[in-house]
Amino acid sequence: MLRTIERRPVIRTLRGWAISVLKEAGAIRECEEHGWMQDRSDPHARERAFEIACEYSPDGISAEAAAVAIAEVLDSIGDTCPECPQSDG
Ligand SMILES: [Zn+2]
């Protein structure tokens, strides 16, 4: 039986790559229950993510484009999970 196994070493999209960098740097985290990404609002982690992005930008992607991708992902992610019940503290 033929099966198509998707096993690509290269991350498919620049956005996917940016998310993985942000996760590695600890700038975002995934909601354990719902899987939504949350911005941790940690300036040091963000700084680190940009450093990683510039230093290890994907093949064919300039450090500048990599940094833009990181910024765009941060921009699109809220600091709370949309499905978690919100508390006012
Ligand atoms: Zn959640």
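Quick note: structure is the one above.
Every chain is numbered independently, its residues counted from 1 as its sequence is written. At least 70 in pLDDT is required for a residue's local features to be given in this predicted model, at least 80 for side-chain atom pairs to be given and counted, and no such filter applies to totals for whole chains, interfaces and linings, which use all residues. Excluding hydrogens and water, the side-chain values take into account all heavy atoms of the structure.

Chemist: For this particular structure, what's the right way to read unusual backbone geometry?
Modeler: For residues that are not glycine, phi is negative in most cases, and the peptide bond is trans in most cases. The residue S41 is not glycine, and still its phi comes out positive at about 50°. Strands are runs of DSSP state E lasting at least two residues, helices are runs of H or I lasting at least four, and both sets are numbered from the N terminus onward. Tracing the backbone through its elements, the reader meets S41 in the loop between β2 (37–39) and α2 (43–55). Burial status follows relative accessibility: with a 1.4 Å probe on protein chains alone, a residue under 20% of its type maximum counts as buried, one over 50% as exposed, and anything between as partly exposed. A residue is classified by how much of its surface remains accessible, and S41, at 46% relative accessible area, is partly exposed.

Chemist: What exactly am I supposed to notice about the coordination of the zinc ion here?
Modeler: Around a metal, the idealised angle for a tetrahedral arrangement of four donor atoms is 109.5 degrees; for an octahedral arrangement of six donor atoms it is 90 or 180 degrees. Because water is not among the atoms used, a metal site may look incomplete, as its donors are only the N, O and S atoms within 2.8 Å, or 3.2 Å for Na, K and Ca. Looking at the zinc ion, the protein donor atoms are C31 (SG), H34 (ND1), C81 (SG) and C84 (SG), and they sit 1.9 to 2.3 Å from it. Taken in sequence order, the residues that donate to the zinc ion follow the motif C-x2-H-x46-C-x2-C. You can see H34 sitting in the loop between β1 (28–30) and β2 and its partner C84 sitting in the segment after α3 (63–76), a full 50 residues away along the chain.

Chemist: Can you walk me through α3 in this structure?
Modeler: The α-helix winds at 3.6 residues per turn, so residues separated by three or four positions along the chain end up facing the same way. Relative to the 20 Å expected for 14 residues at 1.5 Å per residue, α3 spans 20 Å between its end C-alpha atoms, a close match to the ideal helical length. Note on contacts: a residue pair is in contact if any heavy atoms of the two residues lie within 4.5 Å. In this fold, the buried residues of α3 make contact with α1 (14–25), β1, β2 and α2. By this rule the span expected of a helix is its residue count minus one, scaled by 1.5 Å.

Chemist: What exactly am I supposed to notice about the packing of α2 against α3 here?
Modeler: Working note: a packed helix pair is described by the angle between its axes plus the distance between those axes. Between N-to-C directions, angles cover 0 to 180 degrees, with each direction set by a line fitted to C-alpha atoms, over the stretch in contact for helices. Where α2 meets α3, the axes come as close as 8 Å, and the angle between the chain directions of the two elements is 145°. Regarding α2 and α3, the two cross each other, and that crossing is right-handed. Residue-level inspection shows R46, A49, F50, A53 and C54 of α2 in contact with α3, the latter providing A63, A66, A67, I70, A71 and L74. All residues other than Ala, Val, Leu, Ile, Met, Phe, Trp, Tyr, Cys, Pro, Asp, Glu, Lys and Arg, Gly among them, are scored as polar; the first ten of these are nonpolar and the last four charged. For the contact of α2 with α3, the residue count by class is ten nonpolar, no polar and one charged. Here a crossing is taken to be left-handed if its near helix is turned anticlockwise relative to the far helix by less than a right angle, and right-handed if that turn runs clockwise.

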